[in-house]
Amino acid sequence: MMKPIRLLVLGTGGMANNHVMHFSTISDVQVVAAVDVDIATVRAFATRHGIPNTFTSLDEAIAWGEFDAVTNVTPDRIHYPTTLQLLAAGKHVMCEKPLAESYAKADEMATVAEASGLVNMVNLTYRNVAEVQKARQMVIGGDIGRVRHIEASYLQSWLVSKAWGDWATESQWLWRLSTKHGSNGVLGDVGIHILDFAGYGAATDIDHIFARLKTFEKAPGNKIGEYDLDANDSFTMTTEFTNGAMGVIHASRWATGHLNELRLRVHGDKGALEVIHTLEGSSLRACLNEDVETALWREIEVDPVETNYQKFIAAIRSGNTLQEPGFRHAANLQKILDLAMITEVERRELAV
Ligand SMILES: NC(=O)c1ccc[n+]([C@@H]2O[C@H](COP(=O)([O-])OP(=O)(O)OC[C@H]3O[C@@H](n4cnc5c(N)ncnc54)[C@H](O)[C@@H]3O)[C@@H](O)[C@H]2O)c1
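Residues numbered from 1 in each chain as written. Predicted model: local features only at pLDDT ≥ 70, side-chain atom pairs only at ≥ 80, totals over all residues. Heavy atoms only, no water.

Caption draft 1: Structural detail: empty space enclosed by the protein. The final tally for this structure, using the stated rule, is 1 cavity of 30 Å³ or more. Looking at the largest cavity, its volume works out to about 50 Å³. Take the lining of the largest cavity: its biggest share by element is 4 residues, from helix H8 (residues 185-201). The residue makeup of the lining of the largest cavity, split by class, is 5 nonpolar, 2 polar and 2 charged. (1 Å grid on protein atoms, 1.4 Å probe; cavity = no way out; pocket = protein on both sides within 12 Å on 5 of 7 lines; lining within 4 Å. Points joined across faces, edges and corners; volume = space filled by probe spheres on them. Helix = DSSP H or I, 4+ residues; strand = E, 2+ residues; numbered from the N terminus. Nonpolar A, V, L, I, M, F, W, Y, C, P; charged D, E, K, R; others polar.)

Here it is, written out as structure tokens:
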């Protein structure tokens with residue numbers, strides 16, 4: 001009988017519920033403790049999920065020490081200091097995206113993780129979409145020929161609806177609109193997801209970008225309480241990829257009619273693929289071979305894939321510190337996000 005992996009949850013807000021739900025389905029994992037700076041939040045969370053130990057600071061939890069691995073589900077700007085502290089304490093870390101608010105910090109986290117010999121993963125959730133993994137395999141397998149054109153979007157509408165809650169009154173949305181609260185807006189929040197979705201699904205990397213970012217007026221003086229609503233809420237990006245393809249990537253929180261939709265279209269000289277992922281489910285369609293003549297698209301069936309949560313536990317078990325998506329990959333994506341902000345100011349294309 002293997003010893004169970006003892007997992008600590010750091011940050012017990014909205015997304016942490018998802019983490020515990022997934023980790024609880026893995027047989028050799030025990031969620032042993034939860035940490036949040038807000039005592040009421042951590043206690044309610046521990047009660048809801050049957051977690052035996054709670055702490056209101058990471059220092060206390062590390063002093064206690066009875067855990068092997070951590071899932072870091074704190075707000076973006078807290079990832080950097082807490083993850084470095086955890087690596088120093090010898091704990092494996094799965095960190096939420098974005099790894100940090102800047103490439104400099106993300107790069108340092110990746111460098112420290114590489115030297116530590118510990119498992120380090122970033123929760124790029126849409127790797128769990130089987131359809132995007134299948135699309136990647138098909139591109140690599142040559143099914144669509146040479147890739148020429150890529151189109152990817154991440155559309156949300158929480159600024160124009162209350163489907164996810166009221167952004168104007170709830171702190172969990174307000175911090176995402178404020179740079180001083182560590183947010184790089186829609187670019188930092190879901191830009192990293194769609195850059196990964198596009199590059200992973202199309203089996204290529206981005207090598208040139210030019211982005212425009214926009215923050216729309218949302219409240220009198222663009223301020224609510226302590227929150228300056230200055231973080232971008234729409235971006236558009238033109239890209240060139242290392243395989244020579246051209247592309248367009250965009251995201252918005254103003255995408256009325258789309259609660260949470262990722263779409264990737266990859267066009268090659270022999271065929272094309274389209275992946276759509278929404279809260280209702282995912283699909284993969286392809287136009288291949290003789291269907292190219294009539295532009296006929298067919299649904300492709302896919303097998304289930306391992307989730308990031310399962311991969312994290314398997315990597316700890318096997319000692320695979322190179323499990324993807326890792327910190328280095330997330331840092332490389334962060335570099336593109338940082339460059340996007342520079343291109344907005346300089347209004348010119350930059351090489352990655
Ligand atoms: N992968 C995904 O699809 C996905 C989806 C949603 C959110 N996220 C990411 O997950 C992270 C958390 O997002 P959320 O929506 O759960 O936010 P949230 O605001 O609901 O929860 C964050 C929690 O962290 C706590 N916290 C703050 N500082 C802390 C500290 N120093 N130590 C311990 N706890 C601390 C807060 O009190 C809060 O309870 C963010 O980085 C976000 O980008 C990822």
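Caption draft 2: Quick look at the layout of surface pockets. Of the volumes computed, that of the second largest pocket is approximately 360 Å³. Lining the second largest pocket are 17 residues, with Thr-204, Asp-205, His-329, Asn-332 and Leu-333 sitting closest to its centre. Among the secondary structure elements, those contributing two or more residues to the lining of the second largest pocket are H8 and helix H11 (327-346). Counting residues per element, the lining of the second largest pocket draws most heavily on H11, at 5 residues. Per-class residue counts for the lining of the second largest pocket are 7 nonpolar, 4 polar and 6 charged.

Caption draft 3: Inspection of the pairing of strand E5 (residues 92-95) at higher detail. A two-sided burial pattern is seen for E5, the buried positions comprising His-92 and Met-94 on one face and Val-93 and Cys-95 on the other. Inspection of the sheet shows strand E4 (residues 69-72) paired to E5 by 4 bridges, in the parallel sense. Bridge pairing in E5 links Val-70 to Val-93. Viewed along the sheet, the connection from E4 through helix H4 (residues 76-88) into E5 turns out right-handed. Two elements, E5 and strand E6 (residues 120-122), share 3 bridges in a ladder whose sense is parallel. When the bridges of E6 are listed, Met-94 appears paired with Met-121. (Buried < 20%, exposed > 50% of the residue type's maximum accessible area, 1.4 Å probe, protein only. Pairing = 2+ DSSP bridges. Right-handed = clockwise from strand over helix to strand, strands pointing away.)

Caption draft 4: Expanded view of the pattern of salt bridges. All chains considered together, the criterion is met by 22 salt bridges. With its nearest N and O atoms 3.4 Å apart, the salt bridge here joins Glu-66 to Arg-6. In this pair, Glu-66 sits in the loop between helix H3 (58-64) and E4 while Arg-6 sits in strand E1 (residues 5-10), placing the two residues 60 residues apart along the sequence. Classification of Glu-66 as partly exposed rests on a relative accessible area of 41%. Judged by relative accessible area, Arg-6 falls into the partly exposed class, the value being 25%. A salt bridge links Asp-228 to Lys-180, with the nearest nitrogen and oxygen atoms 3.3 Å apart. Within this pair, whereas Asp-228 is found in strand E10 (residues 227-228), its partner Lys-180 is found in the loop between helix H7 (171-174) and H8, the two being separated by 48 residues in sequence. (Salt bridge = Lys/Arg side-chain N within 4 Å of Asp/Glu carboxyl O.)

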